[in-house]
Amino acid sequence: MAALAGVSDRTVSRVVNGEPNISSKTRARVEEAIARLNYIPNLAARMVRTNRSGVIGLITDVVSTTPNSVEIIRGVQERVSQANQSLLIANTSGTAEGEKRVWRTFQEHRIDGVLFATMYHHEIDFDPNVHNIPAVLVNCFAARANVPAVVPDDRDGGYAAARHALDKGHTSIAFVTLNPLILASSLRREGFARAMAEAGVPIREEWIVPGISGAIGSETMQAYAAARQLLDAPAASRPTIILAGNDEIAMQCMFAAASLGLGIPNDIAIVGFDDFRMISEQVVPPLTTVALPYYQIGVRAADRLFALLAEADEQPTVERLPCPLVQRAST
């Protein structure tokens, strides 16, 4: 192959292993020779030589089956591909036995590093010494260990939603929240409270109601009934805007408003959270919402894992990515 490409064996090896500082012209010649000869690198030999498999593992609970958070995987895949590495994805289905089996498989295959992703933002028990593989947590963080993690800044997102409402001139603001049992609910409420305090606008506690309740994993959606109760009052006695815990809750609030003959945004404005585009771009009117930066979280987590493998990760243990407001026609 080296003779066909007109380069040294060492140069071929550097191209195959994705090493930098090779001219594009030389790289193209080697890649053309690889294609012509249908060359497949010997992974076992490379592992012996470099002690690296060139494979990154992604462990998920049920994140790979939830529509919006698939963006995490897309972000990870892009960065891993750019690094000329391979990605092995395993789903634990949220069980301890499934997780143990996946870690054992990854250890057997000498995976270089692991990204451990969860469906929703929460604290987990994670001991990096148990598995002995470099790891970065994604959409979660370790309870009692110094493990790199990338999560959304839910507090910042709650602040952004409330700040948008205030900037639009609203002072009668209701909040139909996520399940109070999950961390994002309390963080977003903290951000909401900070924005209201900064503006000197009092919070109507009776206007803060859960749109989802029940044990995590078996919740009940109650946003429609909650929104109807908030809105079924004379104009002077009801909120002028509803902040919703997520876009599904926001959609239920829109249905409740329509059932009462209220127009959006003239009679009641609504702000969602997540920017789940199957909802936010399809409802009428399109939904103003706060975006969960799932794709960016995946990209950033992969970057941090590669930095960790290179012993160059200098970021805070838990890195929080901003949740930007996406304005559409519902406000």
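Look up a bit, the structure's there.
Only a predicted model underlies this, so the values are computations on that prediction, with no experimental measurement involved. (Residues numbered from 1 in each chain as written. Predicted model: local features only at pLDDT ≥ 70, side-chain atom pairs only at ≥ 80, totals over all residues. Heavy atoms only, no water.)

**Q** Account for the packing of aromatic side chains, with residues named and values stated.
**A** Under the definition given, this model contains three aromatic pairs. Among the aromatic residues, those joined into a ring-pair cluster are Trp 103, Phe 116 and Phe 126. The ring of Tyr 159 carries the charged tip of Arg 194 above its face, separated from the ring centre by 3.9 Å. (Phe/Tyr/Trp six-rings, centres within 6.5 Å; stacked < 30°, edge-to-face > 60°. Lys NZ or Arg CZ within 6 Å of the ring centre and 35° of its normal.)

**Q** I'd like a rundown of the environment of Ala 195, residues and numbers included.
**A** Tracing the sequence through the fold places Ala 195 in helix 9 (residues 183-199). Accessibility expressed as a relative area gives 0% for Ala 195, which makes it buried. It is 8.6 Å that separates the C-alpha atoms of Ala 195 and Gly 158, two residues lying 37 residues apart in sequence. Excluding its chain neighbours within four sequence positions, the residues that come into contact with Ala 195 are Tyr 159, Ala 162, Arg 163 and Leu 166. (Helix = DSSP H or I, 4+ residues; strand = E, 2+ residues; numbered from the N terminus. Buried < 20%, exposed > 50% of the residue type's maximum accessible area, 1.4 Å probe, protein only. Contact = heavy atoms within 4.5 Å.)

**Q** Summarise the packing of helix 8 (residues 154-167) against helix 9; cite the residues concerned and give the values.
**A** At a closest axis distance of 7 Å, the pairing of helix 8 and helix 9 adopts a crossing angle of 40°. Judged by the inter-axis angle, helix 8 sits oblique to helix 9. As for how helix 8 packs across helix 9, the hand of that crossing is right-handed. From helix 8, Asp 154, Arg 155, Gly 158, Tyr 159, Ala 162, Arg 163 and Leu 166 reach across to helix 9, where they touch Ala 184, Leu 187, Arg 188, Glu 190, Gly 191, Phe 192, Arg 194, Ala 195, Met 196, Glu 198 and Ala 199. Considering only residue class, the contact of helix 8 with helix 9 consists of nine nonpolar, two polar and seven charged. (Axes fitted to C-alpha atoms, helices over the stretch in contact; angles between N-to-C directions. Parallel < 35°, antiparallel > 145°, perpendicular 65-115°, else oblique. Left-handed = near helix turned anticlockwise from the far one by under 90°. Nonpolar A, V, L, I, M, F, W, Y, C, P; charged D, E, K, R; others polar.)

**Q** Can you break down the side chain of Asn 246 residue by residue, with the values?
**A** Mapped onto the fold, Asn 246 is located in the loop between strand 10 (241-244) and helix 11 (247-259). Residue Asn 246 is classed as buried on the basis of its relative accessible area, which comes to 11%. Side-chain polar atoms of Asn 246 contact the backbone nitrogen of Glu 248, separated by 3.1 Å. The contacts of Asn 246, once residues within four sequence positions are left out, are Leu 178, Ile 212, Gly 272, Phe 273 and Asp 274. (Polar contact = N/O pair within 3.5 Å; in protein donor to acceptor, adjacent residues only side chain to side chain.)

**Q** Outline the sheet that holds strand 12 (residues 288-291), supporting the account with residue identities and numerical values.
**A** Ordered by their spatial adjacency, six strands build an open sheet running 7-6-10-11-12-14, and the pairing between neighbours is mixed. Looking at strand neighbours, the two that pair on one side only are strand 7 (208-210) and strand 14 (325-326), the edges of this open sheet. When strand 6 (residues 173-177) meets strand 7, the two strands line up parallel, connected through three bridges. For Phe 175, the partnering residue across the bridge sits in strand 7 and is Ile 208. Here helix 8 sits on the sheet and contacts strand 6, strand 10, strand 11 (269-274), strand 12 and strand 14; the angle it forms with strand 11, its principal contact strand, is near 165°. (Pairing = 2+ DSSP bridges.)

**Q** Lay out empty space enclosed by the protein in plain terms, naming residues and giving numbers.
**A** On inspection of all chains with the given rule, the structure shows two cavities of 30 Å³ or more. Of the pockets and cavities examined, the largest cavity occupies roughly 60 Å³. Every residue along the wall of the largest cavity is listed here: Gly 158, Ala 161, Phe 175, Arg 188, Phe 192, Leu 243, Ala 244, Gly 245, Val 271, Gly 272 and Phe 273. Taken together, the elements giving at least two residues each to the lining of the largest cavity come down to helix 8, helix 9, strand 10 and strand 11. Among the elements that take part in the lining of the largest cavity, strand 11 stands out by supplying three residues, more than any other. Residues that form the lining of the largest cavity fall into these classes: seven nonpolar, three polar and one charged. The space that makes up the second largest cavity amounts to roughly 30 Å³. In terms of lining residues, the second largest cavity is bounded by Phe 175, Thr 177, Leu 178, Ala 184, Ser 185, Arg 188 and Gly 245. (1 Å grid on protein atoms, 1.4 Å probe; cavity = no way out; pocket = protein on both sides within 12 Å on 5 of 7 lines; lining within 4 Å. Points joined across faces, edges and corners; volume = space filled by probe spheres on them.)

**Q** Tell me what's going on with the pattern of salt bridges, and back it up with residues and numbers.
**A** Summed over all chains, the structure comprises 16 salt bridges. Across the salt bridge formed by Arg 194 and Glu 198, the nearest N and O atoms sit 3.2 Å from each other. Residue Arg 194 and its partner Glu 198 are both found in helix 9; the two are separated by four residues, about one turn of the helix. A relative accessible area of 47% means that Glu 198 is categorised as partly exposed. For Glu 319, the salt bridge identified is with Arg 300, shortest N-O distance 2.8 Å. With Glu 319 in strand 13 (residues 318-321) and Arg 300 in helix 13 (residues 294-309), the pair connects residues that are 19 residues apart, well separated along the chain. Residue classification places Arg 300 among the partly exposed positions, given a relative accessible area of 23%. (Salt bridge = Lys/Arg side-chain N within 4 Å of Asp/Glu carboxyl O.)

**Q** Pulling in residues and values, what's your account of the nonpolar core?
**A** Among the nonpolar cores identified, the biggest contains 38 residues, and Leu 115, Val 138, Ile 173, Phe 192, Ile 241 and Leu 243 are the most heavily contacted of them. At six residues, helix 13 tops the list of elements feeding residues into this core. Excluding its chain neighbours within four sequence positions, the residues that come into contact with Ile 173 are Ala 165, Leu 166, Phe 192, Met 196, Trp 207, Ile 241 and Leu 243. Of all hydrophobic cores here, the second largest spans 27 residues; its members include Ala 174, Val 176, Ala 184 and Val 283. (Core = buried A, V, L, I, M, F, W, Y, C linked by side-chain atoms within 4.5 Å.)

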